[in-house]
Amino acid sequence: MGKTLAEKIIGEHAKREVKAGEIVIVPVDVCLTQDGTGPLAIRQLQKIDLEHAKNPQKTVLFLDHAAPSPRKELSNDHMLIREFAQKTGACLSDVGKGVCHQIIAESYLKPGDILIGADSHTCTGGGLGAFATGMGSTDVGMGIALGKTWLRVPETFKIEVTGKFQKGVYPKDLILYLIGLIGADGATYKALEWCGDTIDRMSQSGRLCLANMAVEAGAKAGLFATDDTTREYLEEHKRKKDFRKIDLDNDAEYEREIKIDASQLVPTISFPHTVDNTKRIDDINESIKIDQVFVGTCTNGRLEDLKAALKVIKGKKKHPRVRMIVVPASKKVFLDSLEKGYIKEFIEFGAAILAPGCGPCVGVHEGILGDGERCLATMNRNFKGRMGNPEGFIYLASPATAAAAAITGEISDPREFLIKK
Amino acid sequence: MILKGKAWKFGDDISTDLIAPGRLFHLRSNLPELAKHVLEDADPSFAQKVQKGDFVVGGKNFGLGSSREHAPTIIKLAGVSAVLAKSFARIFYRNSINVGLPVLICDTDKIDLGDQLEADLEKGKIKDLTKNIILDFTPLPGAMIKILNDGGLVEHIKKHGDFKID
Ligand code: SF4
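## Comments concerning the overall build of chain A
For step 1, the next point in the chain: Each helix and strand counted, chain A has 15 helices and 18 strands in total.
For step 2, the next point in the chain: The C-alpha radius of gyration of chain A comes to 20 Å, within 12% of the 22 Å expected for a compact globule of 421 residues.
For step 3, the next point in the chain: Dimensions of chain A, computed from the C-alpha atoms along their principal axes, are close to 60 × 55 × 40 Å.
For step 4, the next point in the chain: The buried share among the 421 residues of chain A stands at 64%.

What follows is the structure, given as structure tokens:
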């Protein structure tokens with residue numbers, strides 16, 4: 001009997017065969033916290049005199065959610081985190097370096113690792129063939145100090161995707177479609193395992209986007225095998241040695257199998273206030289005016305995403321009513337897009353560029369919505385209040401769909417800008 | 001342990017953004033202050049009205065969203081004795097146990113706002129005294145019972161110096 005990726009990776013760490021449903025204690029390879037969850041993790045360790053890091057070079061403390069800090073309380077939290085890093089030798093990713101999940105993928109995580117992070121989108125790391133999952137501050141705090149955690153080996157849904165995306169359709173549309181199909185709790189406690197020729201051809205950036213949103217279907221992890229695409233990604237980030245091939249077993253036991261034909265997908269949008277409230281763009285008949293467009297985050301703030309948005313924008317003018325905010329996910333993405341001239345194009349189009357980080361995604365600063373305002377964002381969740389105001393409305397889509405709205409001032413089909421008639 | 005109190009009813013998909021909103025990010029290191037806003041975006045008056053021992057009763061997928069442990073922590077700080085729901089999001093469920101807040105899965109459709117409830121954690125039964133019915137809840141996994149019985153994960157590690165869950 002074959003194994004799922006979750007069983008494979010967790011079993012390697014437990015040093016025995018494991019099956020879905022078992023509870024095991026495993027060593028963790030990488031731990032992360034961010035500035036919203038780090039202070040509590042640190043205080044929990046202080047309570048029991050455990051203020052140290054078992055693997056400091058693989059413990060990464062991020063300042064990304066409220067960065068640069070908009071208020072003194074958060075500046076003090078940042079100080080606490082910096083002090084802890086100093087005391088324990090843990091790595092600090094300070095203001096301006098970027099979103100935790102992007103940096104973890106660029107610089108820390110290897111295929112086959114176990115990563116626990118005090119951030120729900122830690123599952124992004126599954127895109128690199130690692131078992132990566134989000135937990136709370138106390139769990140990750142203990143993981144930092146003890147170098148281990150306990151896990152229930154999840155059952156797995158196999159998601160097989162075949163066929164080619166139409167022009168104007170992206171991995172973001174695929175994951176929104178899947179979440180709409182199975183629901184925001186459709187995969188609670190499960191792992192999603194992605195396969196099929198669409199996935200084989202997909203860029204590393206696209207895989208990270210799919211893995212990132214696993215938690216929006218309730219899943220514990222979103223997992224991918226590794227291949228030449230993974231290898232090239234690691235090489236590009238000067239981590240050739242970190243590559244390891246991890247294959248899928250054909251005869252693993254899956255709880256459920258879902259098949260998706262990528263060629264049938266169209267640009268897809270999540271309507272307020274739940275991610276599974278999705279609509280195909282073809283089915284939207286009303287005009288939905290947009291006040292703010294936001295391109296960025298751990299879901300869609302990578303080079304490829306910025307490029308996709310620019311392709312739509314090229315030669316067009318921004319709608320005068322819309323404000324557009326662009327946030328590169330990391331310092332590297334920022335530098336690369338500067339070099340390619342992307343940043344200049346965005347600025348000339350009329351976008352505001354913010355420092356790498358979470359930007360407006362978590363409602364703490366930068367781009368909070370006014371009462372009744374609507375934002376079309378490339379982020380991963382649209383809960384009421386998410387962008388700092390429960391009276392705001394958030395729609396989720398791909399960077400290309402976001403760019404189309406920046407031009408027309410309403411939800412629009414990006415294919416109209418990409419497909420020559 | 002027997003818990004007693006009144007039911008506060010909420011709907012499906014109560015996210016951590018509704019429990020502990022991002023706009024109050026700056027209060028995360030001041031939990032008693034943050035607790036004054038608990039569930040504010042779902043019911044603005046809840047924090048003032050809730051009494052010690054009361055129950056938060058949700059629908060499906062309670063606690064979906066971010067990993068912020070502050071969410072179950074401030075529910076507990078507000079005096080709530082347990083959260084009842086048809087299902088919970090994974091991270092919220094685990095966090096609740098870690099901070100010592102019982103989370104019980106049962107058919108909450110039968111419970112209405114204001115019902116007097118009594119939960120027996122050992123027996124796995126919830127009595128709705130107002131309606132005179134008994135609801136069963138799904139027992140917690142063994143590992144979680146051990147952590148909850150020690151008073152949460154910090155106390156568990158303090159007591160054993162390690163994970164002792166099998
Ligand atoms: S970009 Fe948004 S979803 Fe991603 S880590 Fe930051 S706040 Fe969370």
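And the narrative resumes.
## Considerations on the packing of aromatic side chains
Residue and element names in this part refer to chain B.
For step 1, the next point in the chain: Under the counting rule described, the total for this entry stands at nine aromatic pairs over all chains.
For step 2, the next point in the chain: Ring geometry for Trp8 and Phe46: centres 5.6 Å apart, planes at 85°, overall edge-to-face. Of this pair, Trp8 sits in strand 1 (residues 2-9) while Phe46 sits in helix 3 (residues 46-49), and the two are 38 residues apart along the sequence.
For step 3, the next point in the chain: When its relative accessible area of 7% is taken as the criterion, Trp8 is described as buried.
For step 4, the next point in the chain: Take Phe46: its relative accessible area is 0%, and that puts it in the buried class.
For step 5, the next point in the chain: An angle of 70° between the planes, with centres 6.0 Å apart, marks the rings of Phe62 and Phe88 as edge-to-face.

## So, the sheet that holds strand 4 (residues 91-93) of chain A
All names here are of chain A.
For step 1, the next point in the chain: On the basis of which strands lie adjacent, the open sheet formed by five strands has the order 4-3-2-5-6 and parallel pairing. Both outer strands of the open sheet, strand 4 and strand 6 (131-134), are each paired with one neighbouring strand and no more. Within the sheet, the average angular offset between the axes of one strand and its neighbour, ignoring direction, is 20°.

## Considerations on the pairing of strand 1 of chain B
Residue and element names in this part refer to chain B.
For step 1, the next point in the chain: For strand 1 and strand 5 (residues 116-120), the ladder comprises five bridges, and the chain directions are antiparallel. For Leu3, the partnering residue across the bridge sits in strand 5 and is Ala119.
For step 2, the next point in the chain: Where strand 1 and strand 2 (residues 55-57) come together, three bridges link them in parallel fashion. In the sheet register, Lys9 faces strand 2, and the bridge partner there is Val57.

## Quick word on the interface of chain B and chain A
For step 1, the next point in the chain: Between chain B and chain A, the contact holds 41 residues from the first and 50 residues from the second.
For step 2, the next point in the chain: Buried area between chain B and chain A, summed over both chains or domains, comes out near 3900 Å², and the portion from carbon and sulfur atoms is 62%.
For step 3, the next point in the chain: Interface area lost by chain B to chain A is led by B:Phe25, B:Arg90 and B:Arg94, which between them contribute 19%.
For step 4, the next point in the chain: Inspection of the chain B/chain A interface yields three salt bridges.
For step 5, the next point in the chain: B:Asp17 is paired through a salt bridge with A:Arg386; the nearest N and O atoms lie 3.4 Å apart.
For step 6, the next point in the chain: At the junction of chain B and chain A, the tally comes to 19 residue pairs in polar contact (both at pLDDT 80 or more).
For step 7, the next point in the chain: For the side of chain B that touches chain A, the class distribution of residues is 15 nonpolar, 13 polar and 13 charged.

## Observations concerning the side chain of B:Thr73
All names here are of chain B.
For step 1, the next point in the chain: Relative to the elements of secondary structure, Thr73 occurs in helix 4 (residues 70-77).
For step 2, the next point in the chain: Classification of Thr73 as buried rests on a relative accessible area of 15%.
For step 3, the next point in the chain: Ignoring sequence-local partners within four residues, the contact set of Thr73 consists of Leu31 and Val99.

## Overview of the pattern of salt bridges
Residues and elements named next belong to chain B.
For step 1, the next point in the chain: Inspection of the entire model under this criterion finds 44 salt bridges over all chains.
For step 2, the next point in the chain: A salt bridge links Asp120 to Lys123; the shortest N-O distance between them is 3.8 Å.
For step 3, the next point in the chain: By relative accessible area, which is 65% here, Lys123 ends up exposed.
For step 4, the next point in the chain: Residues Lys159 and Asp150 are paired through a salt bridge, measuring 2.9 Å at the closest nitrogen-oxygen approach.

## Structural notes on the domain arrangement of chain A
Residues and elements named next belong to chain A.
For step 1, the next point in the chain: The assigned domain composition of chain A is domain 1 (5-14 + 23-261) and domain 2 (270-418).
For step 2, the next point in the chain: When each unit is reduced to the centre of its C-alpha atoms, the spacing between domain 1 and domain 2 is 23 Å.
For step 3, the next point in the chain: Each partner contributes to the interface: domain 1 provides 39 residues, whereas domain 2 provides 35 residues.
For step 4, the next point in the chain: Carbon and sulfur atoms supply 58% of the area that domain 1 and domain 2 bury against each other, a total of about 3100 Å² over both sides.
For step 5, the next point in the chain: Across the domain 1-domain 2 interface, the total number found is two salt bridges.
For step 6, the next point in the chain: Our count for the contact surface shared by domain 1 and domain 2 stands at 19 residue pairs in polar contact (both at pLDDT 80 or more).
For step 7, the next point in the chain: Its residues assigned to classes, the side of domain 1 that touches domain 2 comprises 15 nonpolar, 16 polar and eight charged.

## Focus: unusual backbone geometry
For step 1, the next point in the chain: Note that the residue after A:Ala67, namely A:Pro68, is joined by a cis bond; omega there is -5°.
For step 2, the next point in the chain: Structurally, A:Pro68 is set in the loop between strand 3 (59-62) and helix 3 (72-88).
For step 3, the next point in the chain: Cis geometry marks the peptide bond from A:Pro272 to A:His273; its omega dihedral reads -5°.
For step 4, the next point in the chain: Turning to its location among the elements, A:His273 is positioned in the loop between strand 12 (268-270) and strand 13 (278-280).
For step 5, the next point in the chain: Positive phi values are uncommon outside glycine, yet A:Asp49 reaches one of about 55°.
For step 6, the next point in the chain: Looking at the element boundaries, A:Asp49 is found in the loop between helix 2 (38-47) and strand 3.
For step 7, the next point in the chain: Relative accessible area serves as the criterion here: at 74%, A:Asp49 is assigned to the exposed category.
For step 8, the next point in the chain: Phi is positive for B:Leu39, which is not a glycine, with a value near 60°.
For step 9, the next point in the chain: Among the secondary structure elements, B:Leu39 is positioned in the loop between helix 2 (31-35) and helix 3.

## Notes on the environment of A:Gly363
For step 1, the next point in the chain: Its place among the elements puts A:Gly363 in the loop between strand 16 (351-353) and strand 17 (374-377).
For step 2, the next point in the chain: Linking A:Gly363 and A:Asn389, residues 26 residues apart in sequence, is a C-alpha distance of 7.4 Å.
For step 3, the next point in the chain: Apart from the residues lying within four places of it in its own chain, the contact partners of A:Gly363 are A:Ile368, A:Arg386, A:Met387, A:Gly388, B:Gly22 and B:Arg23.

## Considerations on the side chain of A:Thr4
For step 1, the next point in the chain: Checked against the element boundaries, A:Thr4 lands in the segment before helix 1 (5-14).
For step 2, the next point in the chain: Those residues within four positions of A:Thr4 in sequence are excluded, and the remaining contacts are A:Thr156, A:Glu193, A:Ala252, A:Glu253 and A:Tyr254.

## Describing the sheet that holds strand 7 (residues 133-136) of chain B
Strand pairing in a sheet takes place through backbone hydrogen bonds and is either antiparallel or parallel in direction.
Residue and element names in this part refer to chain B.
For step 1, the next point in the chain: Taken in spatial order, the seven strands make up an open sheet running 4-3-2-1-5-6-7, and their pairing is mixed. On the outer flanks of this sheet lie strand 4 (103-105) and strand 7, each paired with one strand and no other. In this sheet, neighbouring strand axes are inclined to one another by 30° on average, regardless of whether the strands run parallel or antiparallel.
For step 2, the next point in the chain: Direction of pairing for strand 3 (residues 82-85) relative to strand 4: parallel, over a ladder of three bridges. Bridge pairing in strand 4 links Val83 to Val103.

About the cut-offs
- Residues numbered from 1 in each chain as written.
- Chains lettered and ligands numbered in written order.
- Predicted model: local features only at pLDDT ≥ 70, side-chain atom pairs only at ≥ 80, totals over all residues.
- Heavy atoms only, no water.
- Helix = DSSP H or I, 4+ residues; strand = E, 2+ residues; numbered from the N terminus.
- Rg over C-alpha atoms; globule rule 2.2 N^0.38 Å.
- Buried < 20%, exposed > 50% of the residue type's maximum accessible area, 1.4 Å probe, protein only.
- Phe/Tyr/Trp six-rings, centres within 6.5 Å; stacked < 30°, edge-to-face > 60°.
- Pairing = 2+ DSSP bridges.
- Axes fitted to C-alpha atoms, helices over the stretch in contact; angles between N-to-C directions.
- Contact = heavy atoms within 4.5 Å.
- Buried area = accessible area lost by both parts, 1.4 Å probe.
- Salt bridge = Lys/Arg side-chain N within 4 Å of Asp/Glu carboxyl O.
- Polar contact = N/O pair within 3.5 Å; in protein donor to acceptor, adjacent residues only side chain to side chain.
- Nonpolar A, V, L, I, M, F, W, Y, C, P; charged D, E, K, R; others polar.
- Domains from an automatic or database assignment.

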